[in-house]
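Given next are the chains, with one letter for each unit.
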Amino acid sequence: MVETSILILAKNEEQNIVQCLDAVFSQKVYSNFEVIFIDSGSSDRTIEFAKRYPIQFHQIPAEQFHHSRTRNLAATLAHGRYLVYVAADAFPASSSWLQSLLDNFRD
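These remarks concern the structure in this document. (Residues numbered from 1 in each chain as written. Predicted model: local features only at pLDDT ≥ 70, side-chain atom pairs only at ≥ 80, totals over all residues. Heavy atoms only, no water.)

### Observations regarding the packing of aromatic side chains
For the structure shown, the criterion picks out four aromatic pairs. Pairing Phe-37 with Phe-57 gives two aromatic rings, centres 6.0 Å apart and planes at 20°, and the pair type is stacked. With a gap of 20 residues between them, Phe-37 in strand β2 (residues 33–39) and Phe-57 in strand β3 (residues 56–59) connect regions that are remote in the sequence. Phe-37 gets classed as buried once you look at its relative accessible area, which sits at 0%. Members of the aromatic cluster, joined through ring pairs, are Phe-25, Phe-33 and Tyr-53. (Phe/Tyr/Trp six-rings, centres within 6.5 Å; stacked < 30°, edge-to-face > 60°. Helix = DSSP H or I, 4+ residues; strand = E, 2+ residues; numbered from the N terminus. Buried < 20%, exposed > 50% of the residue type's maximum accessible area, 1.4 Å probe, protein only.)

As C-alpha coordinates, this is what we get:
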(Lines give C-alpha, C1' and ligand atoms only; values in the text may rest on other atoms or scores of the structure.)
Protein backbone atom coordinates (compact mmCIF):
# COMPACT_ATOMS: atom_id res chain seq x y z
CA MET A 1 0.00 0.00 0.00
CA VAL A 2 1.23 3.46 -0.88
CA GLU A 3 1.31 5.80 2.10
CA THR A 4 2.49 8.94 0.33
CA SER A 5 1.98 10.40 -3.12
CA ILE A 6 4.54 12.93 -4.28
CA LEU A 7 2.94 15.13 -6.91
CA ILE A 8 5.14 17.05 -9.33
CA LEU A 9 3.85 19.50 -11.93
CA ALA A 10 6.27 20.64 -14.60
CA LYS A 11 6.71 22.47 -17.85
CA ASN A 12 10.07 23.02 -19.53
CA GLU A 13 12.11 22.00 -16.49
CA GLU A 14 14.95 20.15 -18.22
CA GLN A 15 17.46 22.18 -16.19
CA ASN A 16 15.95 21.05 -12.88
CA ILE A 17 13.99 17.83 -13.21
CA VAL A 18 16.88 15.39 -12.90
CA GLN A 19 18.11 17.00 -9.69
CA CYS A 20 14.56 17.12 -8.34
CA LEU A 21 13.76 13.49 -9.13
CA ASP A 22 17.17 12.25 -7.97
CA ALA A 23 16.52 13.93 -4.62
CA VAL A 24 12.98 12.54 -4.40
CA PHE A 25 14.06 8.97 -5.17
CA SER A 26 17.01 9.10 -2.77
CA GLN A 27 14.71 9.66 0.18
CA LYS A 28 15.22 7.44 3.22
CA VAL A 29 11.64 6.86 4.20
CA TYR A 30 9.99 4.04 6.17
CA SER A 31 6.97 3.65 3.94
CA ASN A 32 6.13 3.28 0.28
CA PHE A 33 5.63 6.29 -1.91
CA GLU A 34 4.63 6.95 -5.48
CA VAL A 35 5.52 9.85 -7.74
CA ILE A 36 2.88 11.32 -9.99
CA PHE A 37 4.28 13.65 -12.63
CA ILE A 38 2.12 15.94 -14.72
CA ASP A 39 3.70 17.73 -17.64
CA SER A 40 1.84 20.64 -19.18
CA GLY A 41 3.26 20.96 -22.67
CA SER A 42 7.03 20.89 -22.31
CA SER A 43 8.90 21.63 -25.51
CA ASP A 44 12.34 20.84 -24.09
CA ARG A 45 13.71 17.50 -22.78
CA THR A 46 11.74 17.50 -19.52
CA ILE A 47 9.61 14.53 -20.60
CA GLU A 48 12.60 12.54 -21.85
CA PHE A 49 14.41 13.03 -18.53
CA ALA A 50 11.37 12.41 -16.34
CA LYS A 51 10.48 9.13 -18.03
CA ARG A 52 13.81 7.67 -16.89
CA TYR A 53 12.34 7.38 -13.40
CA PRO A 54 9.62 5.08 -12.01
CA ILE A 55 6.91 7.72 -12.11
CA GLN A 56 3.28 7.79 -13.12
CA PHE A 57 3.55 10.12 -16.09
CA HIS A 58 0.62 12.20 -17.30
CA GLN A 59 0.56 14.95 -19.87
CA ILE A 60 -1.93 17.75 -20.42
CA PRO A 61 -1.93 20.47 -23.09
CA ALA A 62 -0.40 23.75 -21.96
CA GLU A 63 -3.70 25.57 -22.42
CA GLN A 64 -5.36 23.22 -19.90
CA PHE A 65 -2.89 24.05 -17.13
CA HIS A 66 -4.35 25.89 -14.17
CA HIS A 67 -2.54 26.03 -10.84
CA SER A 68 -5.37 24.70 -8.71
CA ARG A 69 -7.18 22.49 -11.26
CA THR A 70 -3.96 20.73 -12.26
CA ARG A 71 -3.09 20.11 -8.60
CA ASN A 72 -6.59 18.72 -8.11
CA LEU A 73 -6.04 16.45 -11.12
CA ALA A 74 -2.83 15.17 -9.57
CA ALA A 75 -4.68 14.50 -6.32
CA THR A 76 -7.32 12.42 -8.11
CA LEU A 77 -4.56 10.26 -9.61
CA ALA A 78 -2.91 9.68 -6.23
CA HIS A 79 -3.25 6.55 -4.13
CA GLY A 80 -1.44 7.79 -1.02
CA ARG A 81 -2.91 8.78 2.30
CA TYR A 82 -0.66 11.83 2.30
CA LEU A 83 -0.20 14.15 -0.68
CA VAL A 84 3.06 16.03 -0.99
CA TYR A 85 3.37 18.64 -3.73
CA VAL A 86 6.88 19.38 -4.98
CA ALA A 87 7.73 22.03 -7.54
CA ALA A 88 10.01 20.73 -10.27
CA ASP A 89 12.53 23.46 -9.52
CA ALA A 90 12.53 22.74 -5.77
CA PHE A 91 14.97 20.18 -4.43
CA PRO A 92 14.59 18.29 -1.15
CA ALA A 93 17.26 19.54 1.23
CA SER A 94 18.24 16.12 2.57
CA SER A 95 17.60 12.42 2.14
CA SER A 96 15.37 12.48 5.22
CA TRP A 97 13.18 15.36 4.11
CA LEU A 98 10.13 13.21 3.35
CA GLN A 99 10.39 11.14 6.53
CA SER A 100 10.74 14.30 8.61
CA LEU A 101 7.60 15.66 7.01
CA LEU A 102 5.64 12.44 7.57
CA ASP A 103 6.81 12.09 11.18
CA ASN A 104 4.64 15.10 12.01
CA PHE A 105 1.54 12.99 11.31
CA ARG A 106 2.48 10.05 13.53
CA ASP A 107 0.82 11.36 16.68
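That covers the picture; the talk isn't over yet.
### Looking at the pattern of salt bridges
Across all of its chains, the model carries three salt bridges by this definition. The residue Arg-106 makes a salt bridge to Glu-3 at a minimum N-O spacing of 3.1 Å. Within this pair, whereas Arg-106 is found in the segment after α4 (97–103), its partner Glu-3 is found in the segment before β1 (4–10), the two being separated by 103 residues in sequence. (Salt bridge = Lys/Arg side-chain N within 4 Å of Asp/Glu carboxyl O.)

### Section: helix α1 (residues 17–25)
Turning to α1, its buried residues are Ile-17, Cys-20, Leu-21, Ala-23 and Val-24. The buried residues of α1 occupy one face: seen down the axis, they fall within an arc of 160°. If you follow the buried residues of α1, they end up packed against β1, β2, α2 (46–50) and β4 (82–87). (Arc of directions from axis to C-beta. Contact = heavy atoms within 4.5 Å.)

### Describing the nonpolar core
In this structure, Ile-6, Ile-8, Ile-17, Leu-21, Val-35, Phe-37 and Ile-55 are the most contacted members of the largest nonpolar core, which totals 20 residues. Of all the elements in the fold, those that place two or more residues in this core are β1, α1, β2, α2, β4 and α4. The element best represented in this core is α1, accounting for four residues. If we ignore the near neighbours within four places in the chain, the residues touching Ile-17 are Ile-8, Phe-37, Thr-46, Phe-49 and Ala-88. One finds Leu-7, Ile-36, Ile-60 and Ala-78 within the second-largest nonpolar core, a separate group that totals seven residues. (Core = buried A, V, L, I, M, F, W, Y, C linked by side-chain atoms within 4.5 Å.)

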